[in-house]
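Below, each chain spelled out in residue letters.
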Amino acid sequence: FFFVLRKKNTPTQCCMFVVDNMVAKNSSLENFLLVPERQLLFHGSGIPGVRQFRHALNETFGRGLYLTSDRERAESYASFRTTTEYGGECDAQDIPTDGFSPTCYAFEAHELRFLDLRTDEAMEATLPLWRTYLRTNSNHIIEAARKYYAPDNEMLREVLVSTVVSELSRVLGWKGKTNRYAFMEPQCYLNAVFTQFLQRDGYDGLTAVEGNDRTGALETKKGDSWVVFDPIKVRLVEEYRVVGEQQ
């Protein structure tokens, strides 16, 4: 959930599919539109001094910057991500030379359009539209993956494309409970497509209830996630060191 950051002042590359001719306007989702005039959101990290944020490496519900309205939840992630396990959550160039330090960042979101998926009703209304979108545009998605992934390695490219095909089949054939796994698996390729699906309807992000992470004795707090598809649309207003042991 709350990972990843880039310290360098260089543009962030987005590994999203570029899919042309994918059209779907879902006016029925307007019932779950949330446009807060000013929303304070938090991000827990093990890296201090970040000034340019990027998309999460471990996506769970769409591609974007993962935040929360719960300050304590963000602080629990700051503590969690400062452990040695954090090394798997960032690129080598992101590892600070002076070591990790539990850090919380506060952001303001002003009048951004969020799809509110915190209720079963919203999930159940969105899922059939998402599946219709995938079914209608599956060929475009597969071709976009084939053009994007590993252009110089045909064998690897086909492995990655087969993963996309497999995930499409799983989601379109889902018969279980309507939850986030019905939409996509964490860290799968459809996270990027789901972001595009909502951006084309004018959404800047989504909010959903998610679980927690656990490693050994460390455990993060459960709560809401707010995914901002384009990190530059939120304003950083505070950075502070998280003091004390995680409870």
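Calculation criteria
- Along each chain, residues carry numbers from 1 onward, in the same order as the chain's sequence is written.
- Per-residue local features of the predicted model are confined to residues with pLDDT of at least 70, and side-chain atom pairs are confined, for both listing and counting, to 80 or more; whole-chain, interface and lining totals are unaffected and use all residues.
- Note: side-chain values were computed over all heavy atoms of the structure, leaving out hydrogens and water.
- Here, a salt bridge means any Lys or Arg side-chain nitrogen found within 4 Å of an Asp or Glu carboxyl oxygen.
- The helix and strand labels rest on DSSP assignments: H or I over at least four residues marks a helix, E over at least two residues marks a strand, and numbering proceeds from the N terminus.
- Exposure categories follow from relative accessible area, calculated using a 1.4 Å probe and restricted to protein chains: below 20% of the type maximum is buried, above 50% is exposed, and the middle band is partly exposed.
- In what follows, residue pairs with any heavy atoms lying within 4.5 Å of each other are defined as contacts.
- Pairing of aromatic side chains requires ring centres within 6.5 Å, counting the rings of Phe and Tyr and the six-membered ring of Trp. Pairs whose planes differ by under 30 degrees are stacked, by over 60 edge-to-face, and all others tilted.

Tallied over the full model, the rule gives 13 salt bridges. Where Arg113 meets Glu30, a salt bridge forms, and the shortest distance between an N and an O atom there is 3.2 Å. Pair noted here: Arg113 is in the loop between strand S6 (103-109) and strand S7 (114-116) and Glu30 is in the loop between strand S1 (5-6) and strand S2 (33-34), with a separation of 83 residues, a long-range link. Across the salt bridge formed by Arg118 and Asp116, the nearest N and O atoms sit 2.8 Å from each other. Here Arg118 falls in the partly exposed class, since its relative accessible area comes to 34%. One network of salt bridges, in which partners are shared, links Glu143, Arg146, Arg157 and Glu158.

Let us now look at the environment of Pro102. Topologically, Pro102 is positioned in the loop between helix H1 (71-80) and S6. Between the C-alpha atom of Pro102 and that of Pro48, which follows or precedes it by 54 residues, the distance is 7.4 Å. Beyond its immediate stretch of four places on either side in the chain, Pro102 contacts Ser45, Ala78, Ser79, Thr82, Tyr240, Arg241 and Val242.

Our next topic: unusual backbone geometry. Its identity as a non-glycine residue notwithstanding, Glu111 has a phi of 55°, on the positive side. Within the secondary structure layout, Glu111 lies in the loop between S6 and S7.

In this section: the packing of aromatic side chains. Under the counting rule described, the total for this entry stands at 14 aromatic pairs. Relative to Trp226, the ring of Phe114 lies with its centre 4.9 Å away and its plane at 80°, an arrangement referred to as edge-to-face. Pair noted here: Phe114 is in strand S7 and Trp226 is in strand S11 (residues 223-228), with a separation of 112 residues, a long-range link. Trp226 matches Phe114 in its accessibility class, with the two residues each being buried. With centroids separated by 5.2 Å and ring planes inclined at 70°, the aromatic side chains of Tyr149 and Tyr189 adopt a geometry described as edge-to-face. With Tyr149 in the loop between helix H2 (120-148) and helix H3 (154-172) and Tyr189 in the loop between helix H4 (180-183) and helix H5 (190-199), this pair connects stretches of sequence that are 40 residues apart.

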